[in-house]
Each structure stands twice: as structure tokens, then as C-alpha cells.
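Given next are the chains, with one letter for each unit.
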Amino acid sequence: MVLLSDVFAQALNGLAYGVLLFLLSVGLTLIFGMLDIVNLAHGSFYMLGAYAGLVTMALTGNYWLAMLVAPLAVGVVGALMERVCLRPLYRGSPLDQVLLTFGFIYLFEDLVKWIWGGKIRSIPPPEVFAGSVKLLGVTVPSYRLFMIAFGLVMAVALWLLIERTRLGALIRAGVFDAEMAAGMGVNIDRVFTGVFAFGAALGGLSGVIAGPIQSASPPMGAGILIPALIVVVVGGLGSLKGSLVGSLIIGQAETFGKAWLPGSSMVIIYVVMALVVLLRPQGLFGRALK
Amino acid sequence: MIARLLGVGVLVGVVAAFPALAGAYPVKLLQEILIWGVFAMSLDLLMGYAGMVSFGHSAFFGIGGYVAALALKETPNLLSALVLPAVVTAVAAVAIGFCSIRTSGVYFIMLTLAFSQMFYAYAFQNAWLGAEDGVFGVPRPRLIGLDLAKSTAFHLYLVILVGLALLVLWRVVRSPFGHVLRGIRENEGRMEAVGYPVQRYKLVAFVIGGMIAGLAGSLYTQLNLTITPDAFFWTTSGEALLMVIIGGTGTLWGSLLGAAAFILLQSLVSSYTERWMLILGLTFILFVLFAPGGIVGALRGHVGRRA
């Protein structure tokens, strides 16, 4: 007999994980859609964000400041990476991009291990959300509720940014057809760097947000990469809506799988992805394939 | 031509006689290089010739390794060591290939990844495959008059099998079949229009690549006497992919060089410093920026900053 309160508790956990995946996959999907690059080092931005958060917390003890500093720092790293290393590769073979971004996974992971050691650390949640609340008979850590609320606010904000502002129009133009946008007088180089840095910053932000529930360690970046890629493929490359819906689906699939099918929990998200690719190759909200 | 044959002959001789020339550790490294080299070359057949970048080649490496491990524990003979792993991986490759080859690009990458991760998850969570510890205590096969438990005999056995795999791959890419594959890589639509059954060609290539990867997996089990779920994990596919790219895609023997470079770099650097990941990562980055054609490209003289 499955208790309704159990279902509710799992659904909230899944939602919190989904929010995390959303913040991470938005950047990945935009970079993918616009730059045509599978950035394997995107998970590393998540890890760098968590460590930038740890440092800020160690220095100031202020979680909100960490939420501000981490995305900025990781955004700068992303901008540098795009300018120096990725720019020469846009017209090259995709395999070069694979090798390069794979190299960055190793580089970032080992740098972090070098500086902070390989220990698992956790970021304490902000004091306001350190406790827990009772919701429909279930005790929920209030930090999780904050995460969910924050993620949904971010989703709306990103939607407004991309669909309703001039900057968003530039980004959409770049995703749709970068060459044409350049032909219309858009400084596409700057948009590329901007989008890459923005995606990296969101990845960094998700690292800080994850800190209090998932703790930080150097391999965390490589660990989250695959789920994030799965979200992007399930949702559809380059689609904001797709990455939101994909994240929520994968978040729930993973959480409920762990709770109810412990013997085969690890397979579930791959089965979901394989089904989507086989039945609807462009992803749930992707443009039809040419 | 004669000089080239002579060179290859000397190289084969040195590789075969290596246990007489070096200690146990270098021999083990060489054996690892040979096995990973075969694995990477089987991936290069898909990537470099048929244009199918697979991120799930570890599925076949793992299946070969696990089938060999389980079968050898039952009856340690050549049937268990070579035939069964090859047959089972071929069947798996037909099934996975049938589902995957219709897609291309990123979707092909992700779908093959998904299949290999399913095997990983299954092996990791099921007791009859030893769960996370894998299968250990695997005996080497017994051959008439040859005791493969002895390291010299095993080395020769390994070199012969690797040589055979190399020969098969070399024949495949040089055959008319191989030329059709290259045509598909360059322009799939045109090959289809000309009348080639493109999907069937891709499937056959996928199965050949899978079988040879399975053989590599089986040899890997026989070398280490154990196999763990990590054989299926996506990093195994990733490392093979890196070896192919480092060596130079579409060159076949480049993958062997790539495997050698990767394994030597990893073991050399890690014996001097803990920071081998950092150095490996930097090497990849510099490689892409300054030697885009891989080792083979660099040997052929295309070194320099890309335009």
C-alpha cells in the first residue's frame, strides 16, 4: 500500500532535483542550440559553482552572497573558456570540441582537488531555511521548498528574458540561425560569448543551490553531466520549455525510481531517454529534424 | 614498401618478444595498450569510417568481458574465451544497432550512451553478475600444450589475437565494403540515391565494431582475471573516444598510437605526480588547439595553429 504522503514527499524531492537539473540544463541547451557545441565541461561549472559558494561562505558566512558570487565567478571562467579555447573550433570538427571540453573536465576536477582536497564538503543552508515545515502531514526541509520556489521563479524570469526582451530576441535569433543573425548586423561573436558565460553562470548557480542538499566534491561535475545531457535530449535541443519539462520528468523519474524500484533505479532515466529518442527524435519540444 | 614491411616486422617482433626485454610492469602496460588499442580501433571503424560517433561502445567491451568471465569460470577453454563473447556481443550489437543507426549526430551519441548505461546499471545492481564488485577469480583458458597462466605464453596468445583483430579491421576498411562506409560518412544521402542499402551497411559495420570490442573486453578480463561494472561505464566509452581522437580519426593504426599515448601518459605522469588528471586535461586542450589532426596528422606534418 503506497501512502499518499509518501508520494507527496517523493514528488517534492523530485521537484527539488528537477529544479537543479533545470538551472543546469538551460545553459547546456542554449549553448547547444546556438553554438552547436556539446559542452561536456558543463557539469564542471556546477562543481566550480559549489566550490565558489563554499569559499564565499567560509569568508563571509553569508549564503545569499554565495548565490551572487558563484555565478559571477563561474560566468567569468565560462567567458574566458569560450574566448580563448572554443572560438577557434566553431568551424572545426565536433570531435575536437569533445576532446577539448573533456580536457576541461579533467582540468577543473583536478584543479579543485588540488586546491581544496578531495573531501566531501557540504554548504550549510541559509539560517532562515535551516528548519523544516509540516506540509500535508509530511515534514519537509524548508530549504527544499525554497529551492523549488526559486527554480520556478528563475524559470519565469528566464522565459521573460528570452521571449520578451531585446536581448532574448538576439539569443533566439542566434539559436535559430546564427549566420543569418550575423548577416542582419548582430554582433554574433559577442552574443556567443555572452550566452556561453550566461549558461556557465547558471551552472555555477545550480552548484551553490545544490550545496546544502547534495554536498560538494570534485567528481560531482562529471556525475551530473549525464543527467543534464539527458534532460537536454528529452526536452529538445535549444528549447527553454523543453529543458524545464525535461528536468521535471527526469527529476521525478529518478526520485521515484530510487524509492520504488531500488533494484533497477539507475536504468530508469536512460529508458525514458531511449524511448523519447526512438519515438520523438527531436525531443518533446525540439524543432523537427531537417 | 620493403622498408615498410621490414619496419612492421621488427615492430611485431619487439612486441612479441617484449617479456624477454622488459620487466613485469612494462609488459603489463604493453598488454593494456594492445587491448585498449584494439578496442579504440573497433570504435574508429564506426567513427572514422562509417561516421557513427558512438558514446556507448563500452556496452560491447563490457559484454565481452562479462561473458568471458562467466564462461571461463564454468569451463576454461577457447570456446568460453573467444567464441561465446564474440557471438553474444554480435547479438547485442544487432539489437542496439537496429535501434540506433536510424538516428545520427547527437541523438546517436545519446542513444548509444543510454544503452551502455543500461548495461552498467544492470551489472551494478544484479547479484548474479557480482553487483558492484563484478566477477573475480576468473581462470585463463587452457590450450593444448600451452599454459596461459604463465605470463610469457599469455603474452604470445594476446599478441596473436590482437594481430588477428588488426588484420581483420585492416582488411575491412580496405575492402569495397570499407569504401562504401567512407562514402556513407561523406554523404549518406548520395550513397542512398546511388542505390546502396545504407542502413544495412551501417548495421554490419556496427556489428563488426561491436564484436571486436567484445573480443577486446574478453581479453581485458583474461589479462586482469576480473571484470567490474566499470567496463560498461560511460567513461570507458569516453576514454576510447579520446584515444581515437588523439590518434587521429579514420586512420585505424592511429587509434593504437592514441591508446599508447593515453595509457603511457596516464601511468608515467601518475608515477611522478598525483596531478595526472590535470596534465592529461591540459594535454587534450593543447592537442586540440595545436594538433587538430591527432598524432597521425602531426606525423604527416599538419602541425601548427589552425586558421
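Here the structure is a predicted model, which means the values were calculated and not measured.

**Student:** Help me out: how do you make sense of the overall build of chain A in this one?
**Tutor:** The number of helices and strands found in chain A is ten helices and two strands. Taking 2.2 N^0.38 as the reference for a compact globule, 290 residues should give roughly 19 Å; the C-alpha atoms of chain A span a radius of gyration of 19 Å, in line with that estimate. Seen through its C-alpha atoms, chain A measures out along the principal axes to roughly 60 × 50 × 35 Å. Counting only residues that meet the buried cut, chain A has 54% of its 290 residues in that class. Long-range contacts, defined here as pairs at least 24 residues apart, represent 76% of the contacts in chain A between residues at least 6 apart.

**Student:** Please explain the overall build of chain B as it appears in this structure.
**Tutor:** Check the secondary structure of chain B and you find 14 helices and four strands. Residue burial in chain B is summarised as follows: out of 307 residues, 49% are buried. Considering only contacts within chain B whose residues lie at least 6 apart along the sequence, 76% involve residues at least 24 apart.

**Student:** I'm lost on the interface of chain A and chain B in this one. Help?
**Tutor:** Think of interface size as the accessible area that goes away when the parts come together; that is how it is often given. The partner chain B presents 33 residues to the 33 residues of chain A that form the contact. Residue assignment for the side of chain A that touches chain B shows that the elements contributing at least two residues are helix H4 (94-116), helix H8 (220-235) and helix H10 (268-279) of chain A. The leading source of residues in the side of chain A that touches chain B is H4(A), at 14 residues. Broken down by class, the residue content of the side of chain A that touches chain B amounts to 26 nonpolar, four polar and three charged.

**Student:** I would appreciate a short explanation of the packing of H8(A) against H10(A) in the present structure.
**Tutor:** Packed helix pairs are specified by the crossing angle of their axes together with the interaxial distance, meaning the distance between the axes. Residue and element names in this part refer to chain A. Look at H8 against H10: their axes get within 9 Å of each other, and the N-to-C directions meet at 25°. The orientation of H8 relative to H10 falls into the category roughly parallel. Here H8 and H10 pass one another in a crossing that is left-handed. Taking contact as the criterion, the partners of Pro 227, Ile 230, Val 233 and Val 234 in H8 are, on H10, Ile 269, Val 272, Met 273, Val 276 and Val 277. Residue composition of the contact of H8 with H10, by class: nine nonpolar, no polar and no charged.

**Student:** Teacher, can you tell me more about helix H4 (residues 58-74) of chain B here?
**Tutor:** The end-to-end C-alpha distance of H4(B), which contains 17 residues, comes to 24 Å, matching closely the 24 Å that a straight helix rising 1.5 Å per residue would cover. Burial of H4(B) is extensive: 14 of the 17 residues sit out of reach of the surface.

**Student:** What should I look at first to understand unusual backbone geometry in this one?
**Tutor:** With the exception of glycine, the majority of residues adopt a negative phi angle, and the majority of peptide bonds are in the trans configuration. All names here are of chain B. Look at Ala 131: it is not a glycine, yet its phi comes out positive at around 45°. If you trace the backbone, Ala 131 turns up in the loop between helix H6 (105-125) and strand E1 (135-136). One non-glycine residue, Leu 252, lies in positive phi territory at about 60°. Relative to the elements of secondary structure, Leu 252 occurs in the loop between helix H11 (234-247) and helix H12 (253-272). Judged by local crowding, Leu 252 falls into the buried class, with 25 C-beta atoms found within 10 Å.

**Student:** What is the right way to look at the confidence of the model for chain B in this model?
**Tutor:** Detailed conclusions should not be drawn from predicted coordinates in areas where pLDDT is low. Across chain B, the average pLDDT comes to 88, with 97% of residues at 70 or higher. Segment residues 303-307 of chain B: pLDDT under 50, and six contacts once partners within four positions in sequence are set aside and those in other chains are kept.

**Student:** Any chance you could explain the environment of B:Leu43 here in plain terms?
**Tutor:** Positionally, B:Leu43 belongs in helix H3 (residues 24-49). Excluding its chain neighbours within four sequence positions, the residues that come into contact with B:Leu43 are B:Ser54, B:His57, B:Gly209, B:Ala240, B:Leu241 and B:Val244.

**Student:** How do you make sense of helix H9 (residues 240-260) of chain A when you look at a structure like this?
**Tutor:** Owing to its 3.6 residues per turn, the α-helix brings residues three or four apart onto one side. Taking 1.5 Å per residue, 21 residues should reach 30 Å; H9(A) reaches 30 Å between its end C-alpha atoms and fits that length. The buried fraction of H9(A) amounts to 15 of the 21 residues, a majority that puts the element mostly inside the structure.

**Student:** Which parts of the structure should I look at to understand the packing of helix H2 (residues 42-60) of chain A against helix H3 (residues 63-86) of chain A?
**Tutor:** Residue and element names in this part refer to chain A. H3 packs onto H2 with a crossing angle of 135° between their chain directions and a minimal axis gap of 8 Å. Taken together, the axes of H2 and H3 are oblique relative to one another. Along this stretch, H2 crosses H3, giving a crossing that reads as right-handed. Contact with H2, carried on its side by Phe 45, Leu 48, Gly 49, Ala 52, Gly 53, Thr 56, Met 57 and Thr 60, involves Tyr 63, Leu 65, Ala 66, Val 69, Ala 70, Pro 71, Ala 73, Val 74, Val 77 and Gly 78 of H3 and no other residues of that element. A breakdown of the residues in the contact of H2 with H3 according to their chemical character gives 13 nonpolar, five polar and no charged.

**Student:** So what exactly am I meant to see when it comes to the nonpolar core here?
**Tutor:** Proteins that are soluble and globular tend to have nonpolar side chains buried together. Counting 204 residues, the largest nonpolar core has A:Ala50, A:Met273, B:Val38, B:Phe39, B:Met110 and B:Ala216 as its most contacted members. For this core, the element with the highest residue contribution is helix H1 (residues 4-35) of chain A, accounting for 18 residues. Residue contacts for B:Met110: discarding those within four places in its chain leaves A:Leu229, A:Val233, A:Met273 and A:Val277.

**Student:** What exactly am I supposed to notice about the pairing of strand E2 (residues 138-141) of chain A here?
**Tutor:** Looking along a regular strand, one sees the side chains alternate between the two faces of the sheet. All names here are of chain A. As defined by bridge partners, strand E1 (residues 132-135) adjoins E2 across four bridges and the pair is classed as antiparallel. Residue pairing in the sheet places Val 133 in a bridge with Val 140 of E2. The turn joining E1 and E2, which pair antiparallel and follow one another in sequence, is formed by two residues; a positive phi near 50° is taken by Leu 136.

**Student:** Help me understand the environment of A:Gly61, please; the structure alone is not making it clear to me.
**Tutor:** As for its placement among the helices and strands, A:Gly61 is situated in the loop between H2 and H3. Between the C-alpha atom of A:Gly61 and that of A:Pro126, which follows or precedes it by 65 residues, the distance is 9.1 Å.

**Student:** Teacher, can you tell me more about the environment of A:Ser239 here?
**Tutor:** All names here are of chain A. One can find Ser 239 in the loop between H8 and H9. With 24 C-beta atoms packed within 10 Å, Ser 239 lands in the buried category. For the pair formed by Ser 239 and Val 156, sequence separation is 83 residues and the distance between their alpha carbons is 14 Å. Discounting residues that sit within four places of it in the chain, Ser 239 has contacts with Thr 29, Phe 285 and Gly 286.

Definitions and limits used
- Each chain has its residues counted from 1, running along the sequence as written.
- Each chain takes a letter, starting from A, and each ligand takes a number, starting from 1, following the order in which they are written.
- It should be noted that, the model being predicted, local features are given only for residues of pLDDT at least 70 and side-chain atom pairs only at 80 or more, the latter also being counted only at that level, while totals for whole chains, interfaces and linings use all residues.
- Secondary structure elements follow DSSP: runs of H or I no shorter than four residues count as helices, runs of E no shorter than two count as strands, and numbering proceeds from the N terminus.
- Radius of gyration means the value over C-alpha atoms here, while the globule rule gives 2.2 Å times the residue count to the 0.38 power.
- Comment: burial labels come from other C-beta atoms within 10 Å of the residue's own C-beta, placed from the backbone, where a count of 20 or more is buried, 12 or fewer is exposed, and between is partly exposed.
- Any residue pair is listed as a contact if its two C-beta atoms, each placed from the backbone, are within 7 Å.
- Residue polarity follows a fixed list, in which Ala, Val, Leu, Ile, Met, Phe, Trp, Tyr, Cys and Pro are nonpolar, Asp, Glu, Lys and Arg are charged, and the others, Gly among them, are polar.
- Helix axes use the C-alpha atoms of the stretch in contact, all axes being lines fitted to C-alpha atoms, and the angles between their N-to-C directions lie in the range 0 to 180 degrees.
- Small angles under 35 degrees read as roughly parallel and large ones over 145 as roughly antiparallel, with 65 to 115 read as roughly perpendicular and the rest as oblique.
- For any pair of crossing helices, the crossing counts as left-handed if the nearer helix is rotated counterclockwise from the farther one by less than a right angle, and right-handed if it is rotated clockwise.
- Residue count minus one, scaled by 1.5 Å, sets the expected span of a helix.
- Think of pLDDT as the predictor's per-residue confidence, scored from 0 to 100.
- The nonpolar core is taken to be a set of buried Ala, Val, Leu, Ile, Met, Phe, Trp, Tyr and Cys residues joined by way of C-beta atoms within 7 Å.
- Being paired, for any two strands, means DSSP has found at least two bridges between them.

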